[in-house]
Amino acid sequence: MKNMELSKDRVLPITGKVQHYAWGGYYYLPKLLNIPVKKGETYAEFWLGSHERGSSEMKNGSETPVSLRDYIKAYPQQTLGEKASKAFGQLPYLLKILDVKDMLSIQVHPSRERAQNSFDSENEQGIELSSPQRNFRDTNHKPELMLALSDFWLLHGFKRAKSLQQILREIPELHFLVPVFGGDNYKKLYQHVMELPQVQVDRHLKTLVERIVTHYNAGKLNKDKEDFWAARAAMTYSMEGHIDRGIFSIYFFNLLHLLPGQAVFQDAGLPHAYLEGQNVEIMANSDNVLRGGLTPKHVDVPELMKHVKFEPTIPNIITGKPADEDRVIYPTPAADFELGRLQIPKGQLLKLASHSTEIFLVFSGVVEVAENGRKGFKRNKGEAWVSFDEADSEIKAAEDAVLYQACIPGMK
């Protein structure tokens with residue numbers, strides 16, 4: 001593949017990219033990926049895809065690694081196939097493994113139409129793509145599916161009206177919001193706390209924070225209760241004597257505790273935040289994030305308000321749908337991606353035909369991968385490969401194996 005030549009192979013080993021964000025853990029990803037632990041280094045995310053901030057690289061024998069992003073750009077028809085190439089023009093998804101040690105910011109992602117309009121607007125305003133004040137880095141939407149690999153806690157959309165009314169009445173410091181909500185006025189409630197002057201945020205939350213932090217430090221709080229996460233947020237994100245207004249949202253949003261094998265889909269406009277645990281995540285290939293608190297980063301409240309869906313969310317827990325004997329899929333409304341989980345017993349041979357670009361990650365075990373019966377390659381736990389359009393391959397489990405597969409639905 002020297003000088004970006006088209007390889008005769010359509011099934012190739014790839015390596016991913018580790019992201020060392022501050023909220024990540026220390027040991028989970030190094031253990032999965034079989035890489036040394038660097039003291040004090042955090043290992044937050046492992047990326048597989050063609051994202052410009054961390055493209056996978058293909059390896060073919062002893063040749064110099066080639067960026068998957070550059071290769072697909074050079075040969076879109078041969079890699080993505082005609083249908084996906086016309087529909088997306090690039091690999092439309094990014095596959096990740098996350099280790100969430102400290103809670104992430106509250107986030108909302110835009111629809112594709114709004115992302116396009118807002119991206120163009122920020123360009124017209126002359127806001128640099130690298131600016132901290134920039135909200136839109138590209139023109140794409142960013143729906144996401146996350147599948148729990150451990151007990152996983154997250155915030156996921158607004159509570160139902162009755163539950164939200166109840167929690168506003170139960171907590172003395174939130175009583176002032178009962179008439180603001182008025183039964184079901186989600187927009188008025190959220191806008192009110194997001195636009196409150198900081199001095200009032202501090203005044204309203206001070207006694208609540210003092211009480212729950214005391215209980216947290218005494219080990220009296222439970223992870224299935226909002227107070228636990230509000231206390232942790234107060235200790236993590238309260239800067240220079242001020243309290244992060246994102247703490248209000250911990251009480252407004254559904255607090256979910258997912259068990260391993262359970263998944264949720266998060267579409268445009270749905271506010272959410274990952275709190276703790278490990279997961280597999282697949283998403284549209286985008287960097288567009290609007291933040292709503294629990295962060296020292298830029299929070300653009302007027303822009304945020306344009307994108308939030310002000311409605312209750314009834315969580316839909318996805319447990320997977322059998323696609324065939326060895327594969328379970330986690331279907332979503334997104335056209336950009338589909339996540340599959342393959343379980344292959346030791347010694348079993350599985351034949352696959354790729355439709356567009358597919359990425360496989362060995363989560364446990366060892367497999368041997370071969371294209372069209374030719375000599376192939378071995379992939380151990382934490383290793384990955386890519387299979388391009390119209391590739392026929394065989395996977396043989398050298399020991400019991402679990403794989404995650406990222407693909408584009410509807411390409412057959």
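Residues numbered from 1 in each chain as written. Predicted model: local features only at pLDDT ≥ 70, side-chain atom pairs only at ≥ 80, totals over all residues. Heavy atoms only, no water.

Draft legend 1. Representation of the overall build of the protein within the structure. Secondary structure summary: the protein contains twelve helices and 21 strands in total. Taking 22 Å as the expected radius of gyration for a compact globule of 412 residues, we find that the protein reaches 23 Å, a close match to that expectation. Seen through its C-alpha atoms, the protein measures out along the principal axes to roughly 70 × 50 × 40 Å. Across the 412 residues of the protein, 55% fall into the buried class. In the protein, the proportion of contacts linking residues at least 24 apart, taken out of those at least 6 apart, comes to 76%. A total accessible area of about 18500 Å² is found for the protein, and carbon and sulfur atoms account for 48% of it. When the 50 positive and 52 negative side-chain charges of the protein are each reduced to one mean point, those points stand 3 Å apart. (Helix = DSSP H or I, 4+ residues; strand = E, 2+ residues; numbered from the N terminus. Rg over C-alpha atoms; globule rule 2.2 N^0.38 Å. Buried < 20%, exposed > 50% of the residue type's maximum accessible area, 1.4 Å probe, protein only. Contact = heavy atoms within 4.5 Å. Areas by Shrake-Rupley, 256 points an atom, 1.4 Å probe, with all protein chains shown as cover. Lys, Arg positive; Asp, Glu negative; His and termini not counted. Charge placed at Lys NZ, Arg CZ, Asp CG, Glu CD.)

Draft legend 2. Broad picture of helix H8 (residues 186-195). Those residues of H8 not exposed but buried are Tyr186, Leu189, Tyr190, Val193 and Met194. Relative to the axis of H8, the buried residues are bounded by an arc of 120 degrees and lie together on one face. Check the buried side of H8 and you find it contacts strand S9 (152-158), helix H6 (161-170), helix H7 (178-181), helix H11 (246-252), strand S10 (253-258) and helix H12 (301-307). (Arc of directions from axis to C-beta.)

Draft legend 3. Up close: the packing of aromatic side chains. What the rule picks out here adds up to 19 aromatic pairs. Seen from their ring centres, Phe158 and Phe310 are 6.3 Å apart, and the 40 degrees between their planes marks the pair as tilted. Of this pair, Phe158 sits in strand S9 while Phe310 sits in the loop between H12 and strand S14 (321-322), placing them 152 residues apart in sequence. Its relative accessible area of 0% is what places Phe158 among the buried residues. You can call Phe310 partly exposed: its relative accessible area is 21%. Relative to Trp385, the ring of Phe360 lies with its centre 4.9 Å away and its plane at 10 degrees, an arrangement referred to as stacked. Of the two residues, Phe360 sits in strand S18 (residues 358-371) while Trp385 sits in strand S20 (residues 384-387), which places them 25 residues apart along the sequence. Comparing Phe360 with Trp385 shows no difference in burial state: the two are buried. (Phe/Tyr/Trp six-rings, centres within 6.5 Å; stacked < 30°, edge-to-face > 60°.)

Draft legend 4. Spatial organisation of the pairing of strand S12 (residues 272-284). Of all 13 residues making up S12, 13 are buried, and the element is well covered by its neighbours. Where strand S6 (residues 93-100) meets S12, eight bridges bridge the pair, whose relative direction is antiparallel. When the sheet's bridge partners are listed, Tyr93 is paired in S12 with Ala284. Note that strand S8 (residues 144-148) and S12 share five bridges and pair antiparallel. In the sheet register, Met146 faces S12, and the bridge partner there is Glu281. The pairing of S9 with S12 spans four bridges and is antiparallel. Of the residues in S12, the one forming a bridge with Leu154 is Tyr274. (Pairing = 2+ DSSP bridges.)

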